[in-house]
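# Examination of the molecular architecture
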Amino acid sequence: MMMMQIPIPIPMPMGCHSNSNSNGRGCKTSMEIKWANSRGRGKRRVPIYISVNPSHVNPLHLRDLFASCNHSSAAVDLNKLRLALSHTSLLVSVFANLQHSPPPFLPFPVGMVSPSKSQLIGFGRAVSDLGLTASIYDVVVIPPMRRMGIGKMIVHKIIRILTSKDIYDIAALCSADQRLFFGACGFGDDILGSTTMMYAQPQEGAAPLADKALSTSQD
């Protein structure tokens, strides 16, 4: 895993479009309904519901989404997932009704898609100190709905809300395979040259790595 950052803190307008009331989190609205359009041959147009309301996310459905995206090497513990969500500063969830496609001439799919009637097909979240910095985690979209711009919508939604709170030091935790995606979302290498290191729990009876490093430095 590695960290990427937005290199230049440029204020971004909220740009939310919705018929919902304010969610009190810095974004004018808690939901948006948009069209997601596939690329290439066999184009299709799917209405999606984008929400920042935590109550719309069912942890069981989110765990299934992570599994379908191979986002975790092991099954995610539901209790830990609930705890993680409760401590998340901002989350974005995306829903779509994959069973029914609306007519292509429909101007706007209001009422055709909602969290209660549709499948969770995308997700992303941010953890922040709510003053200076934030980090983006767990941006996923189910395979059948990829290459429709949904992942970029999730990231841009998170960035709009964070920057509306004057938080511009935004990092993204990503794998090497995700660098191109986050690069397309405006992220670049950390200007301070920082890298991500993960804590490795020492095996029983083994000396902690820090002790080994300290011992080596004193030799």
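Thresholds applied
- Residues numbered from 1 in each chain as written.
- Predicted model: local features only at pLDDT ≥ 70, side-chain atom pairs only at ≥ 80, totals over all residues.
- Heavy atoms only, no water.
- Buried < 20%, exposed > 50% of the residue type's maximum accessible area, 1.4 Å probe, protein only.
- Helix = DSSP H or I, 4+ residues; strand = E, 2+ residues; numbered from the N terminus.
- Arc of directions from axis to C-beta.
- Contact = heavy atoms within 4.5 Å.
- Polar contact = N/O pair within 3.5 Å; in protein donor to acceptor, adjacent residues only side chain to side chain.
- Core = buried A, V, L, I, M, F, W, Y, C linked by side-chain atoms within 4.5 Å.
- Salt bridge = Lys/Arg side-chain N within 4 Å of Asp/Glu carboxyl O.
- Phe/Tyr/Trp six-rings, centres within 6.5 Å; stacked < 30°, edge-to-face > 60°.
- Pairing = 2+ DSSP bridges.

## A short note on helix H1 (residues 59-68)
Residues of H1 that are buried include every one of Pro59, Leu62, Leu65 and Phe66, and no others. Angular distribution of buried residues about the axis of H1 spans 115°; they occupy a single face of the element. Those residues of H1 hidden inside the fold are in contact with helix H2 (78-86), strand E5 (119-128) and strand E6 (133-141). Looking at where H1 begins, the residue whose side-chain oxygen comes 2.8 Å from the main-chain nitrogen of Leu60 is Asn58. Directly beyond the C-terminal end of H1, a positive phi value near 55° is found at Asn70.

## Brief notes about the nonpolar core
In this structure, Ile48, Leu62, Phe123, Ile136, Met145, Ile150 and Phe187 are the most contacted members of the largest nonpolar core, which totals 50 residues. Excluding anything up to four places from it in sequence, Leu62 contacts Val57, Leu81, Leu85, Leu120 and Phe123.

## Section: the pattern of salt bridges
By the definition in use, this model includes 5 salt bridges. The partner of Lys34 in a salt bridge is Glu32, with the nearest N and O atoms 3.6 Å apart. Exposure remark for Lys34: the relative accessible area of 26% places this residue in the partly exposed category. Where Asp189 meets Arg179, a salt bridge forms, and the shortest distance between an N and an O atom there is 2.6 Å.

## With respect to the packing of aromatic side chains
Ring pairs (aromatic) are described by centroid distance and by the angle formed between their planes. Under the criterion given, the structure shown has 4 aromatic pairs. Aromatic pair Phe66 and Phe123: ring centres 6.1 Å apart, planes at 75°, arrangement edge-to-face. Of the two residues, Phe66 sits in helix H1 while Phe123 sits in strand E5, which places them 57 residues apart along the sequence. Classification of Phe66 by relative accessible area gives buried; the value is 5%. Considering the side-chain rings of Phe181 and Phe182, the 5.1 Å spacing of their centres and the 75° angle between planes classify their relative orientation as edge-to-face. Residue classification places Phe182 among the buried positions, given a relative accessible area of 2%. Each member of the aromatic cluster is reached from another via a ring pair, and the members are Phe181, Phe182 and Phe187.

## Examining the pairing of E5
Side-chain positions along a regular strand alternate between the two faces of the sheet. With 8 of its 10 residues buried, E5 lies for the most part within the structure. Two strands pair when backbone bridges link them, and strand E4 (residues 90-96) and E5 are joined in this way by 7 bridges, in the antiparallel orientation. Note that in E5 the partner of Ala96 across the bridge is Gln119. With 6 bridges joining them, E5 and E6 adopt antiparallel strand pairing. Bridging from a neighbouring strand, Ser128 pairs with Ala134 of E6. Connecting E5 to the next strand, E6, in antiparallel fashion are 4 residues, including Leu130 with a positive phi near 65°.

## Re unusual backbone geometry
The backbone of Asn70 sits at a positive phi, close to 55°, despite the residue not being glycine. On the secondary structure map, Asn70 appears in the loop between H1 and H2. On the accessibility criterion, Asn70 (69% relative accessible area) is exposed. Notably, Asp166 is not glycine yet its phi reads approximately 65°, a positive angle. Of note, Asp166 is situated in the loop between helix H3 (150-164) and strand E7 (169-174). With relative accessibility at 55%, the residue Asp166 sits in the exposed group.

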